[in-house]
Amino acid sequence: MQIDLNKLEHILPTVRKPGRYVGGEYNIIVNDWTVTPTRVCLAFPDIYDLGMSNLGIAILYDVLNALPDVLAERTYAPWVDMIAAMRQAGIPLYSLESKRPLTDFDIIGFSLPSEQLYTNMLEMLDLAGLPLRARARDERHPLVVAGGHAAFNPEPVANFVDAFVIGDGEEAVVEVVQAYQETREASRDTQLRALAQIPGIYVPRFYDVRYNADPSVGSGRSGTVATIEPNVPEAQLPVLKRVVSPLPPPPTHLVVPTVDVTHNRAAIEIQRGCTRGCRFCQAGMVVRPVRERPVQEVLHAIATILPQTGFEEIGLLSLSPSDYSDIGTLVQAIGDRFGDAHLSISLPALRADSFSVELAETIAQGRSTGFTFAPEAATERLRAVINKPISTNQMLDVAREVFERGSRTIKLYFMIGLPGERMEDVQAVADLARAVRAEGRKVHGRRTQVNVSVNTFVPKPHTPFQWARLEPLASIQEKHALLRRKLRGGGLKLHYNDPDETTLEATLARGDRRLGAVVQRAWELGARFDAWGKQRNDHAWAQAFAEVGVEPDFYARRERPSHEIFPWEVVSTGVHKRFLLEDYQRSQRGETLGDCREGCHGCGILNTCGGDWSEEWCCPEPT
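Residues numbered from 1 in each chain as written. Predicted model: local features only at pLDDT ≥ 70, side-chain atom pairs only at ≥ 80, totals over all residues. Heavy atoms only, no water.

Side note on the side chain of Arg-560
Selection criterion: Strands here are runs of E lasting at least two residues and helices are runs of H or I lasting at least four, both read from the DSSP assignment and numbered beginning at the N terminus. Partly exposed residues are those whose accessible area sits between 20% and 50% of the maximum for their type, while under 20% is buried and over 50% is exposed, using a 1.4 Å probe and protein chains only. Whenever a nitrogen or oxygen atom comes within 3.5 Å of another N or O atom, the pair is scored as a polar contact, on the condition that within protein one atom can donate a hydrogen and the other can accept it, and that pairs from neighbouring residues in sequence are kept only if both atoms are in side chains.
Relative to the elements of secondary structure, Arg-560 occurs in the loop between helix H19 (552–556) and strand E19 (571–572). According to the relative accessible area criterion, Arg-560 is buried, its value standing at 4%. Among the polar contacts made by the side chain of Arg-560, one reaches the main-chain carbonyl oxygen of Tyr-555 at a distance of 2.9 Å. Of note is the side chain of Arg-560, whose polar atom sits 3.2 Å from the side chain of Glu-564.

Topic: empty space enclosed by the protein
So the rule is basically this: Here a cavity means grid points, on a 1 Å grid over the protein atoms only, where a 1.4 Å probe fits yet cannot get out; a pocket means an open set of points with protein on both sides within 12 Å along at least five of seven lines; lining residues are those with an atom within 4 Å of a point. Grid points are joined across faces, edges and corners, and a volume is the space filled by probe spheres set on the points. Residues were grouped as follows: Ala, Val, Leu, Ile, Met, Phe, Trp, Tyr, Cys and Pro as nonpolar; Asp, Glu, Lys and Arg as charged; and all remaining residues, including Gly, as polar.
Enumeration over the complete set of coordinates arrives at four cavities of 30 Å³ or more. Counted as a void, the largest cavity has a volume near 90 Å³. Around the largest cavity, the lining residues are Arg-20, Tyr-21, Tyr-48, Thr-75, Tyr-76, Ala-77, Pro-78, Met-86, Leu-93, Tyr-94 and Leu-96. Along the lines of polarity and charge, the residues of the lining of the largest cavity split into nine nonpolar, one polar and one charged.

Some details on the side chain of Ser-587
Defined as follows: Contacts were defined at the residue level, with two residues in contact if any of their heavy atoms lie within 4.5 Å.
Position of Ser-587 among the secondary structure elements: in helix H20 (residues 577–588). Ser-587 sits in the buried class, given a relative accessible area of 3%. Dropping the residues within four chain positions of it, Ser-587 is found in contact with Arg-279, Val-385 and Phe-465.

Re the sheet that holds strand E6 (residues 201–202)
What counts, and what does not: Pairing between strands is defined by DSSP: at least two bridges between the two strands are required. Helix axes are fitted only over the stretch in contact, all axes being lines through C-alpha atoms; the angle between N-to-C directions runs from 0 to 180 degrees.
Ordered in space as E2-E1-E3-E4-E5-E6, the six strands form an open sheet in which the pairing is mixed. Strands with a single pairing partner mark the edges of an open sheet, and in this sheet they are strand E2 (70–76) and E6. Sitting on the sheet, helix H7 (residues 188–196) is in contact with strand E4 (143–147), strand E5 (163–165) and E6, with an inclination near 25° to E4.

Quick notes on the pattern of salt bridges
Quick note on the threshold: The working definition used for a salt bridge is a side-chain nitrogen of Lys or Arg within 4 Å of a carboxyl oxygen of Asp or Glu.
Scanning all chains against the criterion turns up 49 salt bridges. Arg-405 is the salt-bridge partner of Glu-404, the closest N and O atoms lying 3.7 Å from each other. According to the relative accessible area criterion, Arg-405 is partly exposed, its value standing at 26%. For the salt bridge of Glu-547 with Arg-521, the shortest nitrogen-to-oxygen distance reads 2.6 Å. With a gap of 26 residues between them, Glu-547 in helix H18 (residues 538–548) and Arg-521 in helix H17 (residues 515–524) connect regions that are remote in the sequence. Here Glu-547 falls in the partly exposed class, since its relative accessible area comes to 44%.

Quick notes on H7
Residues separated by three or four positions in an α-helix point in the same direction, a consequence of the helix having 3.6 residues per turn. Of all the residues in H7, the buried ones are Arg-188, Gln-191, Leu-192, Ala-194, Leu-195 and Ala-196. The inward-facing, buried residues of H7 contact E4, E5, helix H6 (172–182) and E6.

Examining the pairing of strand E13 (residues 313–317)
Successive residues of a regular strand alternate their side chains across the two faces of the sheet. Heads up, the condition is: Handedness rule for crossovers: strands pointing away from the viewer, path from the first strand over the helix to the second running clockwise, crossover right-handed.
Extensive coverage of E13 is indicated by the burial of five of its five residues. Residues Glu-313, Gly-315 and Leu-317 of E13 are buried on one face, and the alternating residues Ile-314 and Leu-316, pointing to the opposite face, are buried as well. Examined bridge by bridge, strand E10 (residues 266–269) and E13 share four bridges and lie parallel to one another. Bridge pairing in E13 links Glu-269 to Leu-317. One ladder, built from three bridges, connects E13 with strand E14 (residues 344–346); its direction is parallel. From the neighbouring strand, Ile-314 faces E14, where its bridge partner is Ile-345. A crossover connection joins E13 to the parallel E14 through helix H10 (residues 327–338); in handedness this β-α-β unit is right-handed.

Focus: the packing of helix H4 (residues 80–89) against helix H5 (residues 118–127)
Selection criterion: An angle below 35 degrees is treated as roughly parallel, one above 145 as roughly antiparallel, one from 65 to 115 as roughly perpendicular, and anything else as oblique. The sense of a crossing depends on the near helix, which, turned anticlockwise from the far helix by less than a right angle, makes the crossing left-handed and, turned clockwise, makes it right-handed.
Look at H4 against H5: their axes get within 12 Å of each other, and the N-to-C directions meet at 20°. Classified by the interaxial angle, the pair formed by H4 and H5 is roughly parallel. Considering how the two elements wind past one another, H4 and H5 form a crossing that is left-handed. Residues Ile-83, Met-86 and Arg-87 of H4 pack against Glu-123, Asp-126 and Leu-127 of H5.

With respect to unusual backbone geometry
Residue Pro-238 follows Leu-237 across a cis peptide bond; omega there is -10°. Within the fold, Pro-238 resides in the loop between strand E8 (222–230) and strand E9 (239–240). Following Ser-245, the chain continues into Pro-246 via a peptide bond in cis, with omega recorded as -5°. Residue placement: Pro-246 occurs in the loop between E9 and E10. Here the phi dihedral of Asn-27 falls at roughly 80°; this positive angle occurs in a residue that is not glycine. Position of Asn-27 relative to the elements: it lies in the loop between helix H1 (5–11) and strand E1 (38–44). By relative accessible area, Asn-27 is classed as buried at 10%.

These figures capture arrangement, not role.
Listed below in structure tokens is the structure:
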């Protein structure tokens, strides 16, 4: 049954942006509940404004609603004012399409793009009236399934999720639904055993984790992971990620938001995967191999999307869109075919070494929204350490080309706290930003703007830097102070993230199952919206860590020995741990690998070097 719509209408005028909560958007799909046997609610654990820009939700919404016996609807995390109003009015969390409570659905699918969304997921489960712990739910409750990049270390939230989809979801989510349909009337244990047999599905309760004794952390406390063992025959170890190849056609029946959202545009994924091997980049490691969409397929998608949505901007999405082999042809074709529509082309962070004059000129013909480059490090020595060997002269040449073709603003992404970083590398961030501004002023004078975004490096699972530690807090603060002093003056704008947020992210990213109790206690103490600076409740987290008896620095700021078993080894990206360790050692010697397309590096990924996905190792499997 629907929620009480009269109560909803009563509270909506009292909250900010009530349009977030009403649904009814153009292009939504509303199926008939009375004739559709299986119901899935796709849940994004952040506000509507961000969730509507999430391509993963859009893809799964399209895939599931194409099935004849399945309906898929959406829900997002209400903002704090709406949460309070809903709790006071007794309104449970509901889907936007049919206004039905989440408890009416068979499956709830959470997208977890980042670790800071964990407490929001708990908030949504509780607001829906569901038990937080997976073992407290049975076949009378919806299955809670989660996926996304944060699922590549599922352990910190293993207590709350029935099953994780590891890797690409387009095919896996269909198999999850089919397995549920076949076991609908069975016990929860039987349902989960059916899911565990699906490739790429991790069911946490079917694995036992044992920890080493560690006298250094006190009596009765334990240290690193000793063993991870399946406890039922259906459980796989490790759970190998799912990969779809070739990519299916992109969704074109896009839902048009009712309020202004973060990226109010049509997004098309032109390429999935990356061959670059940047040592800090989790996404570049976990989404291999590279799969590109043909130019004509992208053009057809744009032609279908525009009349259905009215969007005036197209985002060509990829980890590195300028590495798409036909990027120049694609952008030129978009300009030729859709020039009369005054269509803007948006590209995420670009690489200076694959950017071209021709691409700059082609984009400049349209209403380009600007250029963002991500050198990450400002010295050639440190760029070799992170395996992003771009010369400073290359970056300045590209900046000059962009400015000369009309753009007055460039955004630069950097990181501090990288392994092997020195203070002169931090100084070089300011020097490079000033040098880019100087190139712009040669063309545009004082109208030039260089926006510098500096994030603190977080060592992430499944990367060569997973053995590294997070920079000490005092050192991060010292580097921030240096950047504030050096990046002053007209045409320069500095933004950097809160180091406390970085500490929490690193702790959760590198954590094990013992952090589940911390996440739950922090939520009970009021933690939610941890990625929103003023909303993050540092006191709640500190108290939760203290009460549970877990030290954040054990996870975040501890250099890992080469032999340590990581909690996330329960899942596999297909990249061998031995390769990652050897690459970490190469980074310490300042050695680069270059592009995987230029030669196989023995990483062990299935079909890294291209071609159709198969179960054969592209590189010789280490003994």
